[in-house]
Amino acid sequence: MTLRRRLTLVLAMALVFPACEDNVTTPTGQRAVITVEVDPNPVPGSQSPLTGVISVGYKIVITETNGGTGKVLFVSSQIFDPESGAQVALTYFDSADLKVFVGSDTIEPRGTLTVPQTASYILPDFRKEAQMTVNVQVQGDQGLLINQAVLVRIE
């Protein structure tokens, strides 16, 4: 084998095989598992007869079900026109916003974090019905990212 081939082989092995360490850490505690619900579901919309703007108020309920803990990295909601698919409203709370508006960004084992939300939007022809997606990302104590999403109707 030529020197060039040997070097290529050594470099390839270094990229493929991870380095060994003496201080391997093992995750401790329970892995967090979350569920996400929207209350109420479906979400009722209130439409202004003067402007046609629809206002909605709802709560995002995040529940840990496995005995782990986690930090909520973000909670977001997007409202879409069901006919065109266009996004017409967005709300987004990161962990700093959750500390201010909710009081905490942490979910305790088998605990619940409730995030109140409001949004306003307008659709063509003064239609009220829309689709809303809610997305939540939590980082468990073990460092794992947990993503959950739910689709909800607005009536």
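So, here is what we can say about the structure in this document. Predicted, not measured: the structure shown is a model, and the values here were computed from it.

Next up on the list: the overall build of the protein. When its secondary structure is counted, the protein shows 2 helices and 9 strands. In sequence order, the protein lays out its α and β elements as α-β-β-β-β-β-α-β-β-β-β. For the protein, with 155 residues in total, the buried portion stands at 33%. Of the accessible surface of the protein, which amounts to about 9700 Å², a share of 56% is contributed by carbon and sulfur atoms.

Right, let's talk about the side chain of Glu64 for a bit. Following the sequence through the fold, Glu64 ends up in strand S3 (residues 54-64). No salt bridge is formed by the buried Glu64. Its closest oppositely charged neighbour is Arg110, at 4.8 Å. From its side chain, Glu64 meets the backbone nitrogen of Gly68 in a polar contact 3.2 Å long. Only 2.9 Å separates the side chain of Glu64 from the backbone nitrogen of Arg110, close enough to count as a polar contact. Excluding anything up to four places from it in sequence, Glu64 contacts Arg31, Ala32, Val33, Ile34, Ile107, Glu108, Pro109, Arg110 and Gly111.

A separate point is the environment of Ile34. Here Ile34 is to be found in strand S1 (residues 34-39). Classification of Ile34 as buried rests on a relative accessible area of 4%. Spatially, the C-alpha atom of Ile34 lies 9.3 Å from that of Gly68, the residues being 34 residues apart in sequence. In contact with Ile34, other than residues within four places in its own chain, are Ile62, Thr63, Glu64, Ile107, Val136, Val138, Ile146 and Gln148.

What counts, and at which threshold
Residues numbered from 1 in each chain as written. Predicted model: local features only at pLDDT ≥ 70, side-chain atom pairs only at ≥ 80, totals over all residues. Heavy atoms only, no water. Helix = DSSP H or I, 4+ residues; strand = E, 2+ residues; numbered from the N terminus. Buried < 20%, exposed > 50% of the residue type's maximum accessible area, 1.4 Å probe, protein only. Areas by Shrake-Rupley, 256 points an atom, 1.4 Å probe, with all protein chains shown as cover. Lys, Arg positive; Asp, Glu negative; His and termini not counted. Salt bridge = Lys/Arg side-chain N within 4 Å of Asp/Glu carboxyl O. Polar contact = N/O pair within 3.5 Å; in protein donor to acceptor, adjacent residues only side chain to side chain. Contact = heavy atoms within 4.5 Å.

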